Structures are given as structure tokens and as C-alpha cells.
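Chain and residue survey
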Amino acid sequence: MRTSNSTFNVLTLVLFAIFLSSHSVLAQASRDQKSNSQTEGKASILSHFVQHGLSQTNKDPSLQTSLYMSVGPQFRIGLWGSNVSYEGLDNHILIKIPVELKLEFNKDVNLTIAYSRNQYYKSHIRDGNTTTLQLNVFDYLIIHELESNWEGTETKSKYFAFNKSFKLSTGFTWENQLGYTVLSVENLQNYFDLMTAIAGKSNNLTYKFSVTATSTPSQFNGSGDVFGILSVGFGF
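Reading guide: rules and limits
Residues numbered from 1 in each chain as written. Predicted model: local features only at pLDDT ≥ 70, side-chain atom pairs only at ≥ 80, totals over all residues. Heavy atoms only, no water. Salt bridge = Lys/Arg side-chain N within 4 Å of Asp/Glu carboxyl O. Helix = DSSP H or I, 4+ residues; strand = E, 2+ residues; numbered from the N terminus. Buried < 20%, exposed > 50% of the residue type's maximum accessible area, 1.4 Å probe, protein only. Pairing = 2+ DSSP bridges. Phe/Tyr/Trp six-rings, centres within 6.5 Å; stacked < 30°, edge-to-face > 60°.

It is worth spelling out the pattern of salt bridges at this point. Inspection of every chain in the model, using the stated rule, returns six salt bridges. Here R126 and E151 are joined by a salt bridge, their closest N and O atoms 3.2 Å apart. You can see R126 sitting in the loop between strand 7 (109–122) and strand 8 (128–137) and its partner E151 sitting in the loop between strand 9 (140–147) and strand 10 (157–169), a full 25 residues away along the chain. A relative accessible area of 10% places R126 in the buried class. Owing to a relative accessible area of 24%, E151 belongs among the partly exposed residues under this scheme. Residue K208 pairs with E175 through a salt bridge whose shortest N-O separation is 3.3 Å. Residue K208 is found in strand 13 (residues 205–214), and its partner E175 is found in strand 11 (residues 172–182); the two are separated by 33 residues along the sequence. Each member of the salt-bridge network shares a partner with another, and the members are E40, R76 and E100.

Moving on, we get to the pairing of strand 13. Regular strands place side chains that alternate from one sheet face to the opposite one. Here 10 bridges tie strand 12 (residues 191–202) to strand 13, and the two strands are oriented antiparallel to one another. Bridge assignment links S202 to a residue of strand 13, and that residue is L205. The turn joining strand 12 and strand 13, which pair antiparallel and follow one another in sequence, is formed by two residues; a positive phi near 55° is taken by N203. Bridge analysis of strand 13 against strand 14 (residues 227–235) gives eight bridges, and the strand direction is antiparallel. Considered in strand 14, the bridge of F209 is made with L230.

This paragraph deals with the packing of aromatic side chains. Following the criterion strictly, the structure yields nine aromatic pairs and no others. Arranged with centres 6.5 Å apart and planes meeting at 55°, the rings of W150 and F220 form a pair that is tilted. Note that W150 is positioned in the loop between strand 9 and strand 10 and F220 in the loop between strand 13 and strand 14, a separation of 70 residues in sequence. The same class applies to W150 and to F220, which are both buried. Here Y180 and F192 contribute two aromatic rings whose centre-to-centre distance is 4.6 Å and whose plane-to-plane angle is 45°, an arrangement assigned as tilted. Taken together, the residues span a long stretch of sequence, with Y180 in strand 11 and F192 in strand 12 at a distance of 12 residues.

Bridge count for strand 11 against strand 12 is 10 bridges, and the pairing is antiparallel. The residue bridging N176 from the neighbouring strand is T196, located in strand 12.

This paragraph deals with unusual backbone geometry. Note on backbone geometry: most residues besides glycine have negative phi, and most peptide bonds are trans. The linkage connecting Y121 with the following residue, K122, adopts the cis geometry, with an omega of 15°. Even without being glycine, N58 reaches a positive phi, approximately 55°. Among the structural elements, N58 can be located in the loop between strand 3 (54–55) and strand 4 (62–71). For N58, a relative accessible area of 39% corresponds to the partly exposed category. Although it is not a glycine, K59 sits at a positive phi angle of roughly 70°. By the element assignment, K59 lies in the loop between strand 3 and strand 4. The class for K59 is partly exposed, based on a relative accessible area of 45%.

Shape descriptors only; they carry no functional weight alone.
Shown next as C-alpha cells:
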């Protein structure tokens, strides 16, 4: 039954993408065409890597890099990597291969449909994939994710989040996100996570200080506590 539901979800996303693409292409044709082969990359150093409120580096620093190649104005494929650390597991590196389709309806509204293959080294117990929908309306962002192997438990999860950014001054923004994770793991409760951050940008340099927390930290043995994170990155 779970395999059938997963297949249905994937097929639904594909059909949804095809339907929206047929409408988006008409709007995109009136814009200046981008290069058929355009690359962009980023490297960041973080004091702590946290995802959906949970530590991915056992509270240690993280170095993350990414490289994306655009194929036409709407589609891009990439490679993303970070060091990771989990108690009791021999995992040191996470490599993601993301594929994204961005549908722009106008300058204020767009939808991104993404799929990522997640590969861990050395242990492969956490390997899986993530399917994501991101609807951006003005400065509001709505996120829905389907995870095939949540935290290496071999169970699926669903993630819903609402993100809002406020411009504070030139080069500075205040970003806030409230998320909710629906779990299929026995003896674990669904939980909320909260992230608030002050982010700045100067030329190609970005920096951010963020605070994250979860609604049920006691069930995560320290990996879902309140964390303060400092990150610095640059694009190339």
C-alpha cells in the first residue's frame, strides 16, 4: 500500500508539472531568454548544520558547497554536498543530486518542483530521496516535502512549512519559517519547528545568524534543541 501511495504522489506531481508548464511557457516566451547553459555555485561555512529543527552534524560545524547548471530558462540540475555526523553511525558526507523545474507565472508568483537523490557515505542507512513543492507568492513561501527515508528510519514523512521574509534595510532581511513534520515512526510524535534569522548580503558574500527550535525536543535526544547558527557564504 505504501508503494502504491508513493507512486501515486510522484505521478500526481508529474502531471501537475506538465499542466502548469503548458501555461507557464506562454508567459515565459515574452521574457528575455536566458542562456541555455548557465552555471552558478555557492560555498558556505556554518557553525552548525540543522534541517527542519534537527541537527545533522551532531552540533559540529559544517562546510557546504553546491553547483547548479541551468538547461533553458526553467530547468536546472545540480550537485550539493556537506559534511554530516550522527551519533552511532559512520556517516561523514552527504551528497545530493537535485533536479528543479521552476514555473514563473509573473514577476511575483512562481512554483518550483524539485526532486533530490540523497546519498550518504560511508553508511547508506539514511539514503533516500526528497520531492519538494515550493510556491512563492510575493515575499511569502509555502513548502511541501515528501521524504522517502526520514532520518534513516526507513519510513516516509511529510513536511509543511510557511516562510516569510521582511526587508529591514539595504542588504538585510529578517527571515522566519514555521514547519510541521508528519511522521510514520512508532513512539515519535509529529512536531513543529521554528526558524528565525537575520541575513545580510554584500556583493557575492552572504552571512546569516539564525535560531532554530522544535516543539518536542525531548524525543530527539538533544538533536532537536534550541540552536543558534552562524553562517558565511559566497557565490561564484
